[in-house]
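Okay, here's what each chain looks like letter by letter:
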Amino acid sequence: MDRVVNIIVKFIVWFSRFAPFLSKTGLVDYRGYADRESDPRLRILLVGYNGARNTGSDVRVAEIVRQLEDRLGRENVEISVMTLDEENIRCYFDEDVRLIRLSSIFFRGVLKACCANQAAILCEGSTLKSKFANALTLYFCEAAGIMRIQHKPCIAYGSEAGEMDAFLERAVKKLCRDTRFIARDKGSLEDIRRLGLLGSPGTDTAWEFDSSSRSQWALAQLSRSGWDGKMPLLGIAPINPFCWPVRPSILKWLKAGLTGDHSRQFQLWYFFSSSGQREQQFEAYLDAIARSVNEFTAKRPCHLVILGMERLDRDACSRLEAKLNRPAAVFLSSEHDGYEMAALLRQLSLLVTSRYHAAVLSAEAGVPCAAISMDERLDNIMQEMGMDTCQLMHADDGNLSGELEGAMEYAWLHRENIQDKIKCQLVNYKDTLNKMGDDLAEFLLSRQDRL
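What you are looking at is a predicted structure, and each value in this text was computed from that prediction instead of being measured.

Thresholds applied
- Residues numbered from 1 in each chain as written.
- Predicted model: local features only at pLDDT ≥ 70, side-chain atom pairs only at ≥ 80, totals over all residues.
- Heavy atoms only, no water.
- Helix = DSSP H or I, 4+ residues; strand = E, 2+ residues; numbered from the N terminus.
- Rg over C-alpha atoms; globule rule 2.2 N^0.38 Å.
- Buried < 20%, exposed > 50% of the residue type's maximum accessible area, 1.4 Å probe, protein only.
- Contact = heavy atoms within 4.5 Å.
- Areas by Shrake-Rupley, 256 points an atom, 1.4 Å probe, with all protein chains shown as cover.
- Pairing = 2+ DSSP bridges.
- Phe/Tyr/Trp six-rings, centres within 6.5 Å; stacked < 30°, edge-to-face > 60°.
- Lys NZ or Arg CZ within 6 Å of the ring centre and 35° of its normal.
- Lys, Arg positive; Asp, Glu negative; His and termini not counted.
- Salt bridge = Lys/Arg side-chain N within 4 Å of Asp/Glu carboxyl O.
- Axes fitted to C-alpha atoms, helices over the stretch in contact; angles between N-to-C directions.
- Disulfide = S-S within 2.5 Å.
- 1 Å grid on protein atoms, 1.4 Å probe; cavity = no way out; pocket = protein on both sides within 12 Å on 5 of 7 lines; lining within 4 Å.
- Points joined across faces, edges and corners; volume = space filled by probe spheres on them.
- Nonpolar A, V, L, I, M, F, W, Y, C, P; charged D, E, K, R; others polar.

K.L.:
Quick question: what am I supposed to make of the overall build of the protein here?
P.N.:
Along the backbone of the protein there are 18 helices and 17 strands. Rg of the C-alpha trace for the protein: 22 Å, near the compact-globule value of 22 Å for 451 residues, within the 12% margin. Dimensions along the principal axes, computed over C-alpha positions, put the protein at roughly 70 × 50 × 40 Å. Burial analysis of the protein (451 residues in total) assigns 59% to the buried set. Put simply, of all contacts in the protein between residues at least 6 apart along the chain, 73% involve residues at least 24 apart. Roughly 18600 Å² of accessible area belongs to the protein as shown, and the carbon and sulfur atoms make up 49% of that amount.

So, in structure tokens, the structure goes:
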């Protein structure tokens, strides 16, 4: 079915060339890049995975909007954000930011949004990879391809590339060849250039996300959970590393409808990967985290905080909580926005995470972390901070429990040195991000100057 999605995307991109003519009949709302007579503001479309209560995805876009308004002037832009759920993301934006409701079957929605806007920013971190879903990359490819056909600027901002299926790689090379990629790490930049695409170095957009307004709220929540204000706070951000990729399946959709079993359904016709082996791997991953945390807290008493950084992490959080010897306070992104989740992360004394943006958002407070990676994202950030030797593990490691306990002990004993490393690298990340903002504005404005 992924190949069917690929064919549909390519057809829609080809069809988008007729939008200027169809607009004259009123069938579509088309706005060319040079069209400024009726409204001089630049219409910018942000294409991402938003509104699904993925903390990292949402705070990334909030920061992009802040940069656009800061660099270009709020009065000079009309920003639209594609979202799966308007209520889940409205808190990040002022009322003048338009929210465009998007279905998981995205073909028509992306076409309409791209036609109506004059520039597009691909704002998801995992932009070019098969790890999570080929359909996610094809979603970005459709937007990039339409903007290319319609001669409008498109930039992938703070993006990452990884392994892709062969058919998807061919689609990326064709549809994204005029898109400018600002990679968030060196490895992704190398992959982007290997594909023959336009790439330059950058970083993630969430490094400057400000949660200071929720600091007192976070302290109050932790106090309500039983924290005495003195005991060290050990945070854990688990995931299910073994349920990916998500793939479309008409047969599974029909079966779920007939049986009423929607346990492996992501959304609509998209389903998680599942098998007995994957479930065993997931259970072993949770057992390893629980054993190492139990061993660590037996020697060093801590107040435990479990953080579900994505709505999908609820199951991992509840199953991990049941395996711990100490009670834990559980905070889920389905109930708390990015400001609150970031504020909680910044109160921690130590973090164990499989979530990339838990590491990113906790860095503002210099929180030492032990990372359990499922792909190149945490690998890259830990390497950049010089913490990959002793504090980086992988979800399928055979001795994950022993490695994690050692990593936690190391991070605890060397926390001051680690905090210095984090704060030093954070300065570099923020400098890079500020330069990215300047480059983004120049990229959009330079296109205007050439008209």
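K.L.:
Mind showing me how you'd approach the pairing of strand 14 (residues 328–332) here?
P.N.:
In the case of a regular strand, side chains alternate between the two sheet surfaces. Counting buried positions along strand 14 gives four out of five residues, so the element sits mostly inside the fold. The sheet contact formed by strand 13 (residues 303–308) and strand 14 spans five bridges and is parallel. Each bridged residue has a counterpart across the sheet, and for Leu 304 the counterpart in strand 14 is Ala 328.

K.L.:
How should I be thinking about the packing of aromatic side chains in this particular structure?
P.N.:
In this description, a pair of aromatic rings is defined by centroid distance and the angle of the planes. Going through the model one piece at a time under the given rule, you end up with 18 aromatic pairs. Between Phe 11 and Phe 15, the ring centres sit 6.2 Å apart and the planes meet at 20 degrees, which makes this aromatic pair stacked. In this pair, Phe 11 and Phe 15 are both assigned in helix 1 (residues 2–15), four residues apart and thus about one turn of the helix distant. For Phe 15, a relative accessible area of 31% puts it in the partly exposed group. Seen in terms of ring centroids, Trp 244 and Phe 272 are 5.6 Å apart; in terms of plane orientation they differ by 75 degrees. Their pairing is edge-to-face. Here Trp 244 is found in the loop between strand 9 (233–237) and strand 10 (247–248), whereas its partner Phe 272 is found in the loop between strand 12 (270–271) and helix 11 (276–299), with 28 residues between them in sequence. The pair formed by Trp 244 and Phe 272 is uniform in burial state, with each residue classed as buried. For the cation-ring pair, Arg 184 lies above Tyr 356, with the distance from its terminal atom to the ring centre recorded as 4.2 Å. Taking the ring centre of Trp 412 as reference, the NZ or CZ of Arg 415 above it sits at 4.2 Å.

K.L.:
Hey, could you run me through the side chain of Arg 148 in this one?
P.N.:
By secondary structure assignment, the location of Arg 148 is in helix 6 (residues 134–149). Within the buried set, Arg 148 has no salt-bridge partner at all; the shortest N-O distance to an opposite charge, 4.6 Å, is to Asp 178. Aside from chain neighbours lying at most four places away, what touches Arg 148 is Lys 174, Leu 175, Arg 177 and Asp 178.

K.L.:
So what exactly am I meant to see when it comes to the sheet that holds strand 14 here?
P.N.:
In a beta sheet, neighbouring strands are held together by backbone hydrogen bonds and run either parallel or antiparallel to one another. Here we have six strands laid out as an open sheet, ordered 14-13-9-15-16-17, and parallel in their pairing. In the strand order of this sheet, the two ends are held by strand 14 and strand 17 (392–394), each with one partner. Each adjacent strand pair in this sheet contributes to an overall mean axis angle of 15 degrees, direction not counted. The pairing of strand 15 (residues 350–353) with strand 16 (residues 369–373) spans three bridges and is parallel. What sits directly across from Thr 353, in strand 16, is Ala 371. Here helix 11 sits on the sheet and contacts strand 9, strand 13, strand 15 and strand 16; the angle it forms with strand 9, its principal contact strand, is near 175 degrees.

K.L.:
Where do I start with the state of the cysteines in this structure?
P.N.:
Here, the word disulfide means a covalent bond between the sulfur atoms of two cysteines. Taken as a whole and judged by the stated rule, the model has zero disulfides. With no disulfide of its own, Cys 243 lies 13 Å from the sulfur of Cys 317, the closest cysteine sulfur. Sulfur of Cys 390: no disulfide; nearest cysteine sulfur belongs to Cys 369 and is 13 Å away. Given a relative accessible area of 34%, Cys 390 falls into the partly exposed group.

K.L.:
Help me understand empty space enclosed by the protein, please; the structure alone is not making it clear to me.
P.N.:
In this approach the atoms are scanned with a rolling probe the size of a water molecule, which exposes any empty space left behind. A complete count under the given rule lists three cavities of 30 Å³ or more for this structure. Roughly 590 Å³ of volume is contained in the largest cavity. Residue lining of the largest cavity: 35 residues in total, with Tyr 49, Glu 124, Phe 132, Leu 136 and Phe 266 positioned closest to the centre. Secondary structure elements with two or more residues in the lining of the largest cavity: helix 3 (55–72), helix 6, strand 11 (265–267) and helix 14 (356–362). For the lining of the largest cavity, the per-class residue count stands at 17 nonpolar, twelve polar and six charged.

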